[in-house]
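# Working through the structure, step by step
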Amino acid sequence: MNNPIWLMTSAFPGLGLKDAMDKALQAGAQGLDVCVFRRDGTRKDHVATHIDYEHFTPEKAQKTLDLFSEKGLRFSIGAYENIIGGEPEQRLPNQNHLLALIRMAHLMGGDANGIRVGTFVGYNHELGNTEGGFEKNLLEYERVFKPIIRYAEDLGVTVTYENCPME
């Protein structure tokens, strides 16, 4: 299929991963963006955690790969939090969670298995409300994301992100 259909599992917050996979197959989807939000995060809309990130081991990585292979679905993992802005006390936990997702993707083979990590860049409204705020946000993006992307590249993982202003 030239334009595969993927579903985001945040649409199924009350279902387990296997049930979300079955819903995707019923809808004719070829893949899932498996949401792995922080359980202690502050975001309350469109969130779900379909893989246990706190206890993710190489064995769980293989079980996840096997499950998706059995179902014939491709997948990525993601959490869509404000990485460069939002509440100051949430920025570092959001950034660390993104690093954890990159590690998880690496354990599942990363780019070699087509496992990518999705996230938002976000927006720092405190910087944005000052003179040259957009440019300041670009500099903050570079400061925060440069080491994150370097880490992902070193592990063979592609990070896909949207510059969502998180309004």
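To be clear, the structure that these remarks concern was listed above.
About the thresholds
- Residues numbered from 1 in each chain as written.
- Predicted model: local features only at pLDDT ≥ 70, side-chain atom pairs only at ≥ 80, totals over all residues.
- Heavy atoms only, no water.
- Pairing = 2+ DSSP bridges.
- Helix = DSSP H or I, 4+ residues; strand = E, 2+ residues; numbered from the N terminus.
- Axes fitted to C-alpha atoms, helices over the stretch in contact; angles between N-to-C directions.
- Buried < 20%, exposed > 50% of the residue type's maximum accessible area, 1.4 Å probe, protein only.
- Arc of directions from axis to C-beta.
- Contact = heavy atoms within 4.5 Å.
- Phe/Tyr/Trp six-rings, centres within 6.5 Å; stacked < 30°, edge-to-face > 60°.

## Considering the sheet that holds strand S2 (residues 31-35)
Spatially, five strands are ordered S1-S2-S3-S4-S5 in an open sheet, and the strand pairing comes out parallel. Two strands close off the open sheet at either side, each with one partner strand: strand S1 (6-8) and strand S5 (159-162). Across the sheet, the axes of successive neighbouring strands diverge by a mean angle of 25°, strand direction being ignored. One ladder, built from five bridges, connects S2 with strand S3 (residues 74-78); its direction is parallel. Note on S3: the bridge partner recorded for Asp 33 is Ser 76.

## What about helix H1 (residues 17-26)?
Along an α-helix, a turn takes 3.6 residues, which lines up residues three or four apart on a common side. Taken residue by residue, H1 has Leu 17, Ala 20, Met 21 and Ala 24 as its buried positions. Axial view of H1: buried residues confined to an arc of 100°, hence all on one face. Turned more than 90 degrees off the buried face of H1, the exposed positions are Lys 18 and Gln 26. On its buried side, H1 packs onto S1, S2 and helix H2 (58-71). Once H1 finishes, Gly 28 follows within two positions and takes phi at roughly 85°, a positive value.

## Looking at the packing of aromatic side chains
One pass over the structure, following the stated rule, counts six aromatic pairs. Ring centres of Phe 37 and Tyr 80 lie 6.4 Å apart, and the angle between their planes is 55°; on these two criteria the pair is classed as tilted. Of this pair, Phe 37 sits in the loop between S2 and H2 while Tyr 80 is found in the loop between S3 and helix H3 (88-107), placing the two residues 43 residues apart along the sequence. Across the pair, exposure class does not vary: Phe 37 and Tyr 80 are buried alike. When the centroid spacing of 4.0 Å and the interplanar angle of 20° are considered together, the rings of Phe 68 and Phe 75 count as stacked. Assessed through its relative accessible area of 2%, Phe 68 is described here as buried. One aromatic cluster is present, built from ring pairs that chain together Phe 37, Tyr 80 and Phe 120.

Distances and angles like these do not, on their own, reveal function.
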